[in-house]
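# Close look at the chain arrangement
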Amino acid sequence: MQAALLMLAALTPVHSAAQEQTVGLVLSGGGAKGAAHLGVIKALEENEIPIDYIAGTSIGAIVGSLYAIGYTPDEMLRLFLSDEFGYWQSGRVEDEYVYYFKQPDPSPDFMRFAVDLSDSLQIIPNLLPQSLINPIQMNQAFMALYAPSTAKSGWDFDHLFVPFRCVSSDIYHKKAVVWRNGDLSQAVRASMTFPFFFKPIWKDGVPLFDGGIYNNFPVDVIKAEFNPDFIFGSSVAGTPNPSADLMKQIEPMVMRGTEYDISEDDGMMIQFQFPDVNLLDFPRAKELMDEGYRRTLGMIDSIRQRVTRRVPLSEVNARRRAYRASLPKLMFKNIYVTGVTGAQRRYVEEQLHRDINGEFSMEEFKRAYFKMLSNSKIKEIIPQAVYNRKNLNFDLYLDVRINEEVEVSIGGNISSHQANQLYLGLNYQILSGNAIDLHADFQMGNLFSGIAVSGRAYLPTALPTYLQLQTVYSYRKYMQGQSLFYEDLLPAFIKQRERYVKLKFGLPFLSVAKAELGVGYGQLSDNYYQRSDVSFSDSPFDNSRHDLFASSLRIERNSLNAKQYPTGGRRQYLLAQYVAGRETYSPSDAPHTREPYQSWLQVKGLWTDYIPLSRRFRLGLMGEAMLSSKNLLSNYTATVLQAPAFTPTPHSKITFNEGFRANQYVAIGVMPIVTLGKSLHLRFEGYGFLPLHPIQRTLASDAFTGERVRYGKTVETFRYMGEAALVLNLPFISVSLFANGYSYPKNDFNVGLNIGFLLFNPSFVE
């Protein structure tokens, strides 16, 4: 009986994969040019050419791994063109995940040094980032993308939807590293880690970089690992041409010689040349995919002659759906945190909110992840998801890198006019059970000098909150050469001093904004001339001193992509202040007088939005309004000096223009922007300003003793200003060449150059 069964088995045809013709696909590196690989795969699938094994390097590893975990070519294209993929490339956090509650106030720094307190006061310069692309996005996104397939495969790349290999480079031992098992996200990250653009992936104490350094077309790998009957290769590496483009210069410097060839006995290949496509030019993915599809169809008859086995696309899609349906859901329960103290570990764990089963989703982790990284004490978080087959969920391993450093910031502004500023900032964070930020700002310059010291403690409350104590001293001057006062009786020289202390209580507002309650006391002192027929060198000033108490409620959201001259994002701001106090007026030639005690309520709102119209054009829109019940002060100049100012441009912030000051006003702005490059743009800005009750002077009919003041007719005056600027916004500094004009005073036009940032201490009454 046993002999009969053996004979029957021998006579029965066996159609196993081992006896059928097998096909391997090899994909080269080449940055965004690798989108052509998608067209190659699409053409092969539609013509029933099987893909049994796949291997790739760099972008080839990304495409190959996505195919190996069940993505179709069209799904990969949608991913490459998605906003999400753009965030991975740029390292920018989506607006909905920006934890604005912990964002520090913008400062004019452009250079940073870290003084490492744990290593004999070692000074670490941070002028440039460690990589051009911040890994904050990829660290979490690649875990979410690849963890389910890594779990299902049991960390063996042979057990993916399609067996897969990729290559990275060990530059210390000068060799290629082949990934055949392990964490798939780490393998792909290592293979695509192009030097300078991305931070290396560490394995066994060695940093690994882009596989293209030693093997950009791993034909030898797919032969050694799988030995397929037929190999089809897609190379987008091309031969680099001499270019002035920095990105195109880096590629030939980094990549070693690779033989882009497949012998006729082993199979066939297709070679693409895209000399005008940059490494990160993924917005052109559809165009490149179409070219890959067209070129592959052009040689499909030759491929079909060599590959006689057929696999219908319907069969591939059915297997793909079944594979993806079998992947475990990415839910977490156990957390293991390394690189921190016990108290810091508890802080990290408390950021993750669990459901009734003690689990949390990837979405919950993503929100907590960006929250934690908003604390600058945490330098980096490297997450890894490991499947727990007993609990049928994932264990989350977090490798947290902590800053044991005092951060020293240097910045300011270099200008063609008098706005030359020097800035020094000191910042230190304490992270134990709670987080504490200590910060000090020092500024010195022709127009502004000041000190701001603050401490912020995040409270251990169910709803995140903080308490911040801030003390500020500011000294602002308006030089005669900077003044826009040209009429006979207007001041030509002004000095303003502010001293105040504020206590603030902050909490998140609608997850993407924050609310802040504040109380404070301030002493404001204005020195000014009310006459122009005096000798500025030896004449005493008139003075108004304001002793004020204030309480405030501030709600703000800010996702602008630059702290000066932004081109994207949105800012929404609402501030309500109740102020009470009195003015002490001291003329230069008469005894001082104490003006009546007054109190007032003022509300200020700001809305700014930058709307992308196309790849090259953006439109910024802005609206601002100020409403106040404030009474007039002792004289015209004192009233104007303390009136809120409309200052939408950097230049308007350093000039004193009475035409754009009022206790009540509305203003609008339109900012068309032309993008000339990744960092360079040309912008035009136009603003209209309408004081609801313009502040006007009334002169005494007898000998001049001071300027009387009154409110003019409602909405009787309209002002406008415009500016054109060519702006280079680098990661660490802003350079702008501008020309502007104001409707008041007449014929006031300015041209200038700024290198840096014009950002100053906030005023006590904003």
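Structural notes, computed from the coordinates. (Residues numbered from 1 in each chain as written. Predicted model: local features only at pLDDT ≥ 70, side-chain atom pairs only at ≥ 80, totals over all residues. Heavy atoms only, no water.)

### Some remarks on the packing of aromatic side chains
- According to the stated counting rule, one finds 33 aromatic pairs in the structure shown.
- Taken together, the ring pairs in this structure connect F332, F360, F365, Y369, F370, Y387 and F394 into an aromatic cluster.
- In this structure, R456 packs its charged tip against the face of Y466, placed 4.0 Å from the ring centre.
- Its end group placed over the ring of Y636, R697 keeps NZ or CZ at 4.4 Å from the ring centre. (Phe/Tyr/Trp six-rings, centres within 6.5 Å; stacked < 30°, edge-to-face > 60°. Lys NZ or Arg CZ within 6 Å of the ring centre and 35° of its normal.)

### So, the nonpolar core
- L44, L66, F80, F164, F232 and I303 are the most contacted members of the largest nonpolar core, which totals 73 residues.
- Among the elements that take part in this core, helix α3 (residues 59-68) stands out by supplying 7 residues, more than any other.
- What F164 contacts, discounting residues up to four positions off in sequence, is I54, A61, G64, S65, A68, F157, W179, L184 and F226.
- F101, M362, L396 and Y466 belong to the second-largest nonpolar core, a separate cluster that totals 38 residues. (Core = buried A, V, L, I, M, F, W, Y, C linked by side-chain atoms within 4.5 Å. Buried < 20%, exposed > 50% of the residue type's maximum accessible area, 1.4 Å probe, protein only. Helix = DSSP H or I, 4+ residues; strand = E, 2+ residues; numbered from the N terminus. Contact = heavy atoms within 4.5 Å.)

### Overview of the layout of surface pockets
- Considered as a void within the structure, the second largest pocket measures approximately 480 Å³ in volume.
- In terms of lining residues, the second largest pocket is bounded by 21 residues, among which Q186, W202, I382, D399 and R401 are the most central.
- The greatest single-element share of the lining of the second largest pocket, amounting to 5 residues, is contributed by strand β13 (residues 378-388).
- Residue classes in the lining of the second largest pocket are distributed as 10 nonpolar, 5 polar and 6 charged. (1 Å grid on protein atoms, 1.4 Å probe; cavity = no way out; pocket = protein on both sides within 12 Å on 5 of 7 lines; lining within 4 Å. Points joined across faces, edges and corners; volume = space filled by probe spheres on them. Nonpolar A, V, L, I, M, F, W, Y, C, P; charged D, E, K, R; others polar.)

### Let's talk about the side chain of R554
- If you trace the backbone, R554 turns up in strand β22 (residues 542-558).
- A polar contact is formed between the side chain of R554 and the side chain of E766, at a distance of 3.1 Å.
- Apart from the residues within four sequence positions on either side, R554 is in contact with K514, A515, E516, R571, Y573, L574, L575 and E766. (Polar contact = N/O pair within 3.5 Å; in protein donor to acceptor, adjacent residues only side chain to side chain.)

### Describing helix α12 (residues 313-325)
- If you check α12, its first and last C-alpha atoms are 18 Å apart, about what 13 residues at 1.5 Å a residue would give, namely 18 Å.
- For α12, the complete set of buried residues consists of V316, R320 and Y323. Around the axis of α12, the buried residues are gathered within 65 degrees of arc, so they sit on the same side. In α12, the exposed positions angled more than 90 degrees off the buried face are occupied by S314, R321 and A325.
- The secondary structure elements touched by the buried residues of α12 are α2 (36-46), α3 and α6 (136-153). (Expected span 1.5 Å × (residues − 1). Arc of directions from axis to C-beta.)

### What about the pattern of salt bridges?
- Counting across every chain of the model gives 28 salt bridges.
- In this structure, E287 and R284 form a salt bridge, with 2.8 Å as the shortest nitrogen-oxygen distance.
- The exposure class of R284 is buried, given its relative accessible area of 17%.
- A salt bridge links D399 to R401; the shortest N-O distance between them is 2.9 Å.
- Take R401: its relative accessible area is 34%, and that puts it in the partly exposed class.
- Through salt bridges with shared partners, a single network forms among D276, D281, R284, E287 and R615. (Salt bridge = Lys/Arg side-chain N within 4 Å of Asp/Glu carboxyl O.)

It is worth stressing that arrangement in space is one thing and function is another; only the former is reported here.
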